[in-house]
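# Fold and contact review
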Amino acid sequence: ANSMSQQFGGPNTEPTTTVDESSTLGETVKDWKYIRVHGMGLLPGLVCPHHDRIQSNGILRAKDFDQMLLRHPGELGIGIDHWAALIV
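Since we're looking at a predicted model, the values are computed, not measured. (Residues numbered from 1 in each chain as written. Predicted model: local features only at pLDDT ≥ 70, side-chain atom pairs only at ≥ 80, totals over all residues. Heavy atoms only, no water.)

Inspection of the secondary structure puts Gly77 in strand β4 (residues 77–80). For Gly77 and Leu46, which are 31 residues apart along the polypeptide, the C-alpha to C-alpha distance reads 4.8 Å. (Helix = DSSP H or I, 4+ residues; strand = E, 2+ residues; numbered from the N terminus.)

Below you can see the structure in the form of C-alpha cells.
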C-alpha cells in the first residue's frame, strides 16, 4: 500500500502530493528520531537512503539528515534520493 507525501517546489509554489511507497495509506504520523548505527563499513561516514522523501514521522529525511550531520561534525554525509542507486 502507499501513503501520500509532499514534493517541495520553489518558495512561491504550493506543495503537491506524490506517492511515497515507504509506508501505508492512512497511517498516522509516528513520533521517532534517527539514531546513528554502525553499518557494514562499505562507505565512509553517514548514508541516508530516500534522502528526498518524507518519512513516517512527517519530516523530510534531508532535514533530519542535516541535523544528524550537525551533531557529528567531521563526518561525511551521503544522501541517496528515492529510486537512485549508488554504485561502489
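Moving on from the model shown.
This next bit is on the pairing of β4. Two elements, strand β3 (residues 46–49) and β4, share four bridges in a ladder whose sense is parallel. By the bridge assignment, Cys48 is partnered in β4 with Gly79. Crossover handedness for the path β3 to helix α1 (residues 61–71) to β4: right-handed. (Pairing = 2+ DSSP bridges. Right-handed = clockwise from strand over helix to strand, strands pointing away.)

Before going further, it helps to spend a moment on the pattern of salt bridges. A full pass over the atoms with the stated rule returns one salt bridge. With a closest N to O distance of 2.0 Å, Glu75 and Arg36 form a salt bridge. Highlighted residues: Glu75 in the loop between α1 and β4 and Arg36 in the loop between β2 (16–20) and β3, separated in sequence by 39 residues. Exposure remark for Glu75: the relative accessible area of 28% places this residue in the partly exposed category. Taking relative accessible area as the criterion, Arg36 reaches 42% and is therefore assigned partly exposed. (Salt bridge = Lys/Arg side-chain N within 4 Å of Asp/Glu carboxyl O. Buried < 20%, exposed > 50% of the residue type's maximum accessible area, 1.4 Å probe, protein only.)

This paragraph deals with the layout of surface pockets. To find the voids left in a structure, one rolls a probe of water-molecule size over its atoms. In this structure, the largest pocket encloses a volume near 620 Å³. Val37, Gly39, Gly45, Leu46 and Val47 are, among the 21 residues lining the largest pocket, the residues nearest its centre. At the level of elements, β3 and α1 are the ones that each hand at least two residues to the lining of the largest pocket. Its residues placed into classes, the lining of the largest pocket shows 13 nonpolar, four polar and four charged. (1 Å grid on protein atoms, 1.4 Å probe; cavity = no way out; pocket = protein on both sides within 12 Å on 5 of 7 lines; lining within 4 Å. Points joined across faces, edges and corners; volume = space filled by probe spheres on them. Nonpolar A, V, L, I, M, F, W, Y, C, P; charged D, E, K, R; others polar.)

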